[in-house]
Amino acid sequence: MIKSFAKNNFFYHIFLILFFLISINYIYIVFAPWRDEIGYLSDKLLFIEGINLSYSHVPTGISTWFSSMILIFEVIYNLIIENNFSILKMYQTIDKIIYQNYLDLTKIKLSIIILNTFFLYFLYRKTKNELFFLLFLILALAPSISEVTFSGKSYFLGSIFAALALVYNLKKKKELCIVFLALATGERLEYFLLSGIFLIDKSNLKNIIKNYL
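Conventions used here
Residues numbered from 1 in each chain as written. Predicted model: local features only at pLDDT ≥ 70, side-chain atom pairs only at ≥ 80, totals over all residues. Heavy atoms only, no water. Helix = DSSP H or I, 4+ residues; strand = E, 2+ residues; numbered from the N terminus. Buried < 20%, exposed > 50% of the residue type's maximum accessible area, 1.4 Å probe, protein only. Contact = heavy atoms within 4.5 Å. Phe/Tyr/Trp six-rings, centres within 6.5 Å; stacked < 30°, edge-to-face > 60°. Salt bridge = Lys/Arg side-chain N within 4 Å of Asp/Glu carboxyl O. Expected span 1.5 Å × (residues − 1). Arc of directions from axis to C-beta. Core = buried A, V, L, I, M, F, W, Y, C linked by side-chain atoms within 4.5 Å.

Student: For this particular structure, what's the right way to read the side chain of Asn 78?
Tutor: Here Asn 78 shows up in helix H4 (residues 62-82). Given a relative accessible area of 16%, Asn 78 falls into the buried group. Excluding its chain neighbours within four sequence positions, the residues that come into contact with Asn 78 are Thr 93, Lys 96 and Ile 97.

This is the structure we're talking about:
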């Protein structure tokens, strides 16, 4: 039944859009900012300051770099507007932008939502199996785990990259599979465990356990 529903493109796309929007609203209504959320978002500011991250631990994820670069562009924009490129003014502007974003983490949160949405759409475009994407979306936005989907945490983006690695693995595009597995691992180290599955030689399934180990 789900497969036949997925084949009906009009209702399929309407369902995806509505489910996506309802899930976002549910998350914002039910889940108020909590300590972990603030910690993950603040890590982007710690990254700019050159301080060890408190929650992300390893600053290799695209989400950390993306949000930090947006703040860097904000600093450059302010310097251009004020038409003052002195060293003193540059440091004052950096401190001001960091302080303002510590007070209000909304800008960083929106950058994470935009990044997640972009790669979710990219997964949709690259996934030929509509049923696979539908099940992925339902699981990713399920109420029990939706608190990490569009939060500042990196679980959701990591899962998208892992799904893309699986998609490219099925397409026998090993190089792209490894690239997205590396991106997933950069977000959450646990996704490295999938490397054994992707590197298994399917022509020699007798040694599947040995190959995985």
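Student: Would you mind going over the packing of aromatic side chains with me for this structure?
Tutor: Between two aromatic rings, the relevant description is the distance of the centres plus the angle of the planes. Per the stated rule, a full pass over the model turns up eight aromatic pairs. Ring centres 4.9 Å apart and planes at 75° place the aromatic pair Phe 119 and Phe 161 in the edge-to-face group. Here the residue Phe 119 occupies a position in helix H6 (residues 106-126), and Phe 161 occupies one in helix H8 (residues 155-170), the gap between them amounting to 42 residues. Here Phe 119 and Phe 161 have matching classes, each one buried. Ring pairs connect the aromatic residues Phe 118, Phe 119, Phe 122, Phe 161, Tyr 168 and Phe 180, which therefore count as one cluster.

Student: Sorry, what's going on with the pattern of salt bridges here?
Tutor: Between side chains of opposite charge, pairing is possible as soon as their charged atoms come close. Applying the stated rule across the entire model yields four salt bridges. Notably, a salt bridge pairs Glu 82 with Lys 89, separated by 2.8 Å at the nearest N-O pair. A residue is classified by how much of its surface remains accessible, and Glu 82, at 32% relative accessible area, is partly exposed. Residue Lys 89 is classed as partly exposed on the basis of its relative accessible area, which comes to 21%. Salt-bridge contacts for Lys 96 lead to Glu 82; the nearest nitrogen and oxygen are separated by 3.5 Å.

Student: Can you walk me through helix H5 (residues 87-103) in this structure?
Tutor: For an α-helix, the turn length of 3.6 residues means that residues three or four places apart are oriented alike. For H5, spanning 17 residues, the distance from its first C-alpha to its last is 25 Å, which sits close to the expected 24 Å at 1.5 Å a residue. Along H5, the positions that sit buried rather than exposed are Thr 93, Ile 97, Ile 98 and Asn 101. Buried residues along H5 cover an arc of 130° about the axis, so they all sit on one side. For H5, the exposed residues lying more than 90 degrees away from the buried face are Leu 88, Tyr 91, Asp 95, Tyr 99 and Leu 103.

Student: How should unusual backbone geometry be read in this particular structure?
Tutor: For residues besides glycine, phi is generally negative; the peptide bonds are generally trans as well. Phi is positive for Lys 172, close to 60°, though the residue is something other than glycine. Structurally, the position occupied by Lys 172 is in the loop between H8 and helix H9 (174-187).

Student: Quick question: what am I supposed to make of the nonpolar core here?
Tutor: In a soluble, globular protein the nonpolar side chains are often hidden away together inside. Residues Leu 120, Leu 123, Phe 133, Phe 136, Ile 160, Phe 161 and Leu 164 are the most contacted members of the largest nonpolar core, which totals 28 residues. Residue assignment for this core shows that the elements contributing at least two residues are H6, helix H7 (130-140), H8 and H9. Among residues more than four places away in sequence, those in contact with Phe 136 are Leu 120, Leu 123, Phe 156, Ser 159, Ile 160 and Ala 163. Ranked by size, the runner-up nonpolar core spans seven residues in total, among them Leu 71, Ile 98, Ile 108 and Ile 112.

Student: Can you walk me through H4 in this structure?
Tutor: Taking 1.5 Å as the rise per residue, H4 with 21 residues should run 30 Å; its terminal C-alpha atoms sit 30 Å apart, in good agreement. Of the positions making up H4, those classed as buried are Ser 63, Thr 64, Ser 67, Ser 68, Leu 71, Glu 74, Val 75, Asn 78 and Leu 79. The buried residues of H4 all sit within an arc of 160° when viewed along its axis, so they share a single face. Exposed and oriented more than 90 degrees from the buried face of H4 are Phe 73, Tyr 77 and Ile 80. Among the residues trailing H4, Asn 83 stands out with phi positive, at a value near 55°.

Student: What exactly am I supposed to notice about the environment of Leu 16 here?
Tutor: Inspection of the secondary structure assignment puts Leu 16 in helix H2 (residues 9-30). Residues Leu 16 and Ile 138 lie 122 residues apart in sequence; the distance between their C-alpha atoms is 9.2 Å. Excluding anything up to four places from it in sequence, Leu 16 contacts Tyr 124, Phe 133, Leu 134 and Leu 137.

Note that every value here comes from positions in space, so none of it alone points to a role or purpose.
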